[in-house]
Every structure is written in C-alpha cells, then in structure tokens.
Amino acid sequence: MTSARREVLEVVSAAYRLDLETSSWLDELVRAARPTLDRGRGLMSWSFRVSASGTHVFTSRIAATEDVTEAVIRSCTKNNDSLSQDEVAHAHANPRTLDTASCAVDSLFGEGAFERWPKFDDARALGHADCLVAKGCDPAGIGVMFAAPLPRVERVPRGDDRRWARVIAHVIAGLRLRAAGTPLGDGDAVLAPSGEVVHAEGQARGTSARDALRAAAVRIDRARGSFGRADPDGALEQWRALVAGRWSLVDRFDSDGRRFLVARRNDPEVVGPTDLSARERQVLAYAAQGHPNKYIAYVLGLAPSTVSTHLRRAMRRLGARTRGDLAAILAPVER
C-alpha cells in the first residue's frame, strides 16, 4: 500500500477528460484508480455535493467495476443517503482524504464506535468488514468519492493519504470544469507541451501569467513522461491542481493529432466576507476545512508563502486568532 504507483498519474489525467460524458468520465476514473484502491472486492465512485443544510446529495450515478454487485451499490446508496447533517460534517472535518471507514468513524466518534455503527450493518451482512474511502470536496461543497469494500479492518499509511489528497484535488478540479460547461476548445491560452505559448488573451497575456502557464505545461509534460515513470510522487507534487490560482490545463488535439494544452479558468467560487479579496476568501475557506498551507498552495497553484500571507492578512481582518475560529466565523456567511 505504501509504494508510489504510476497509476495515480493516470487518475490525474483522467480527471481532465472533458471529452467524456459524466457517466463515462466516472467509469474512466474507476478504471484508472482500480490498481491502487481495489482490494479484491471492486471499486465504486460517484460525485456529490454537500447541500446548504449540510446533507450529502448524489450528483451522479455510482460507477463501479464489474465485480461490484447491485446489492453492494444499494447498500452504499442507502448508507450515504441516510447520513445525518452531523455525520456529514464530521466526515468532512476528518483531515484525511484516504482513510478506512473504521478508522474514520472511531476517530470522530470514539474508539470502538465503528463496531456499533448501524449504517455499516448492510455492508457487514454482505461480508465486508471495512471500506477504503478516498474523498474530498471544495469549499463550495462539490465533491467526489471512491469506495472499495474490504475483507478485513485496515489502516491507511500516512504517505498514501498525502498522495491521494493531491489526486483528489485534481479530480475535483475536473469536476468543477465539467460543472462550468465551457466548450472544450475555449480558454484563455493555448500552449504546446514544450511550454510555448501559442495564444493568450485576457489575464493570460501578462508576463507573469505566461511564465506560470509555460512552467506548468513543462511540468505536466515531464510528469507524463520518464520522470513520472521514475518518480510518480515527485511528478504528482509538480503537477499542481491549478496554475496561479486561476487556470486548469486541459488537453486539446488539432486535426493533425497534435496535442496542445488549453488554459481554462477554474478557480473555486467562494462566498465570504466582501471586504476580503477573492484569493483571501479562497485561502480562508480551505483553511476552514482544516487543510494546511502546503496543501492549499498545491490546490490553488500558489507559493506556500503567498498562501501564508493571504491567510495571515485575512485572519487579522476578521479578528480570528486561530484556524479553529474560521469555521465559526465563515459558516454564517456561507449559509
């Protein structure tokens, strides 16, 4: 479980397959994630949103490998549909992206709680002892989940969780692009994999923006090549979820089959105090979810020092002394 796998980069690539309908996109994600998440009993995935009332709402069908039975899918649907507001809040307060149901429930509700947790009874009746879960959502509540039934109770190594936190950041970025519904060819810039800027408009025309996009295109090309094969974790670290807090780079092929990268606006929309900048609101929202500065920098494609500056300035304006104060301060504004 602890070894880095090249397949995680395949999941990242699949996240940006905007040429697929959502159901086929989820099937592709499951196919790409199966080698690292499936423990012999299949793998499922679906998209969701956390509603304004704090409940879990499916926004897609459940995509699954062929060995997942309809009974398992029904059990999974019933379980997630029945989660209370408090259970959803607790689940997303869990800072681990990749975890087992047993560890998550015990950490949130106390040692031994999973053995008494009635929402897993249907899965137990089907012969499953636990479930491996990779999940995440952005500050707007847009999220994705993978679930793999387990034959025994397990724990997830910390390195695996860190790796999948980055993978899920890309999947959510891809989900936001799909929700935006922008035509496949549209974007603020077009780049060759070598980093050459073929076209730029709007905010992408500035020197710093062009430099950031150029560097990102080169990093992505390296991640897909020999560097990614030799060091998947290193490649994943370099392939950020956004560029300069603003763009996702998505493949586009011309009529001759040449591949280009299109920079499409994809920064998360965050409601918050109007006296803060959009970037400060984004950083605050991720911090309120419990994410550390380094991860926020990865998600937004910013330098950690920039995240630290935004966070410090925004907390001072709001009168927040600790990160723990943020959820209470921001919740009334967001709801």
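Residues numbered from 1 in each chain as written. Predicted model: local features only at pLDDT ≥ 70, side-chain atom pairs only at ≥ 80, totals over all residues. Heavy atoms only, no water.

On to the pairing of strand β8 (residues 197–200). Both strand β7 (residues 189–191) and β8 contribute to a ladder of three bridges, which runs antiparallel. Counterpart to Ala189 in the pairing with β8 is Ala200. What sits between β7 and β8 in their antiparallel hairpin is a turn of five residues, with Gly195 showing a positive phi close to 105°. (Pairing = 2+ DSSP bridges. Helix = DSSP H or I, 4+ residues; strand = E, 2+ residues; numbered from the N terminus.)

Attention now moves to unusual backbone geometry. Backbone geometry places Ala244, a non-glycine residue, at a positive phi of 55°. Examined against the element boundaries, Ala244 turns out to sit in the loop between α10 (232–238) and β9 (247–253).

Here we take up the packing of aromatic side chains. For the structure on display, the rule yields three aromatic pairs. Measuring from centroid to centroid gives 5.7 Å for Trp46 and Phe58, while their planes differ by 40°, and the two rings are tilted. On the criterion of sequence distance, the pair formed by Trp46 in strand β1 (residues 44–50) and Phe58 in strand β2 (residues 56–58) is long-range, its members being 12 residues apart. Both residues of the pair, Trp46 and Phe58, count as buried. Measuring from centroid to centroid gives 6.0 Å for Phe146 and Trp164, while their planes differ by 65°, and the two rings are edge-to-face. With Phe146 in strand β6 (residues 142–150) and Trp164 in helix α7 (residues 158–180), this pair connects stretches of sequence that are 18 residues apart. (Phe/Tyr/Trp six-rings, centres within 6.5 Å; stacked < 30°, edge-to-face > 60°. Buried < 20%, exposed > 50% of the residue type's maximum accessible area, 1.4 Å probe, protein only.)

Right, let's get into the sheet that holds β9. Read from one edge of the open sheet, four strands run β8-β7-β10-β9, paired in antiparallel fashion. The sheet terminates laterally at β8 and β9, the two strands that pair on one side only. Averaged over all pairs of adjacent strands, the angle between their axes in this sheet comes to 20°, without regard to strand direction. Strands β7, β8, β9 and β10 (259–265) of the sheet are contacted by helix α8 (residues 207–224), whose axis makes an angle of about 60° with β9. (Axes fitted to C-alpha atoms, helices over the stretch in contact; angles between N-to-C directions. Contact = heavy atoms within 4.5 Å.)

If you check helix α3 (residues 70–81), its first and last C-alpha atoms are 16 Å apart, about what 12 residues at 1.5 Å a residue would give, namely 16 Å. Taken residue by residue, α3 has Val72, Ile73, Ser75, Cys76, Asn79 and Asn80 as its buried positions. Angular distribution of buried residues about the axis of α3 spans 160°; they occupy a single face of the element. Among the exposed residues of α3, those pointing more than 90 degrees away from its buried face are Glu70, Arg74, Lys78 and Asp81. (Expected span 1.5 Å × (residues − 1). Arc of directions from axis to C-beta.)

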